[in-house]
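Structure at a glance
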Amino acid sequence: MKKTVWIALVAVFVLALAACGKGNNSNGGSNSGSASAPASASASNSPASENKGVVTIGYQKGNTLNILKEHGNLDKALSEKGYKVEWKVFPTGTVLLEALNTKNIDFGHASDGNAVFMQAGGHPLNYVASESPYPEGVALVVKEDSPIQTVNDFKGKTIGVTKGGNQHYLLLVALEKAGISLDDVTIKFYKDAAEGLAAFTKGEFDVYGTWDPYLAIVESTVKTRTIVNGSGNSDNRTFYFATQDLLDNKPEVVTTILQELENADQWANENKQEVSKILSTELGLDAAPIEKANDRRTFGVQRIDDTIIASQQKLADKFAEAGLLESKISIQDAVHIDESLIPSNIK
């Protein structure tokens, strides 16, 4: 029976990851078929306007820009200003940021860790805004019958995380708070959610670091206990980035993207069940765990202030101390957004 459950779970994770990685292009506008998410404006029904070109936005399936795409409000707003939106889907934040760096996209999003590693690699970044923190969306879990009760029990144990991932950072912070040295634990890196689940199920990890929506899937299907999550330990943020060219030459586009992103986020807060259905279609996952994941987060765009910069700097410094970065970086050096570009609906 256990073997059957494990095979089924791994199959779900593999299918989800395959859905996330299908191709690098997606037609502009909404394609979810959702009745309550308005469709994108087409050239035939948009107001007559000067053709100012294409704005290319990169996104990852299951995240906030995916919701914005499916909601359709940005396509309509930019169409009214003379721009066409082209959406490109990427399997990871690292690949997305590489596309931003090579100007294959104009705007996109990535996790806190992805951004730090990209900047440490010598690639210029322009932080534009942040998504609201999502601390409960990352956790270190154990099997229900594990003798591990607290982080203090991690000493001598094997812990599985993705290298440089949000759960890796959570582990580093949790170990430091508990006074446990990295030499006192064995950290094993896994490639993706499917590989991590397989290793955890087979007993290769005593502790499994994972993130939503896969955290919600594990919680719903495997008897586990959460030892620690991001609350009080990690903001677990998504950040938004733009090319310097977009910031300098099309500032009104940046303002419109942020304004409509916040509008879509607030719609998502009020329609989490509908959002779960949209994202389940996008990810190829059951809607129930996605709804569980969405219920423990609040969507919303935030200005990047000193507090957010300090939090991101702490993450960068922690990875540098762990020997994961070649040198320390300054997050402030990558934050130079003109405040006048931030729309009034973002606080």
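None of the values given here were measured: they were computed from a predicted structure.

Rules used throughout
Residues numbered from 1 in each chain as written. Predicted model: local features only at pLDDT ≥ 70, side-chain atom pairs only at ≥ 80, totals over all residues. Heavy atoms only, no water. Helix = DSSP H or I, 4+ residues; strand = E, 2+ residues; numbered from the N terminus. Expected span 1.5 Å × (residues − 1). Buried < 20%, exposed > 50% of the residue type's maximum accessible area, 1.4 Å probe, protein only. Contact = heavy atoms within 4.5 Å. Polar contact = N/O pair within 3.5 Å; in protein donor to acceptor, adjacent residues only side chain to side chain. pLDDT = per-residue confidence, 0-100. Pairing = 2+ DSSP bridges.

**What to know about helix α13 (residues 306–321)**
In this model α13 runs 22 Å from its N-terminal to its C-terminal C-alpha over 16 residues, within 8% of the 22 Å that 1.5 Å per residue would give. All of the buried residues in α13 are Ile308, Ile309, Gln312, Gln313, Leu315, Ala316, Lys318, Phe319 and Ala320. Elements that come into contact with the buried residues of α13 comprise α5 (112–120), β4 (127–131), α6 (166–178), β10 (238–242) and β11 (301–302). N-capping of α13 is provided by aspartate 305, with a side-chain oxygen placed 3.2 Å from the backbone N of threonine 307. Downstream of α13 by one or two residues, glycine 323 has phi in the positive range, about 80°.

**Details of the confidence of the model for the protein**
For the protein, per-residue confidence averages 88 on the pLDDT scale, and residues scoring 70 or more make up 86% of the total. pLDDT under 50 marks residues 1–8. Its contacts with residues more than four places away, or in other chains, come to five contacts. Counted against residues more than four places away or in other chains, residues 14–48, with its pLDDT under 50, gives 70 contacts.

**Structural notes on the pairing of strand β8 (residues 207–211)**
Where burial is concerned, most of β8 is hidden: five out of the five residues are buried. Pairing of strand β5 (residues 138–143) with β8, which is carried by four bridges, proceeds in the antiparallel orientation. Paired with valine 141 across the two strands is tyrosine 208, which belongs to β8. Sheet topology places strand β6 (residues 158–161) next to β8; two bridges connect them, and they run parallel.

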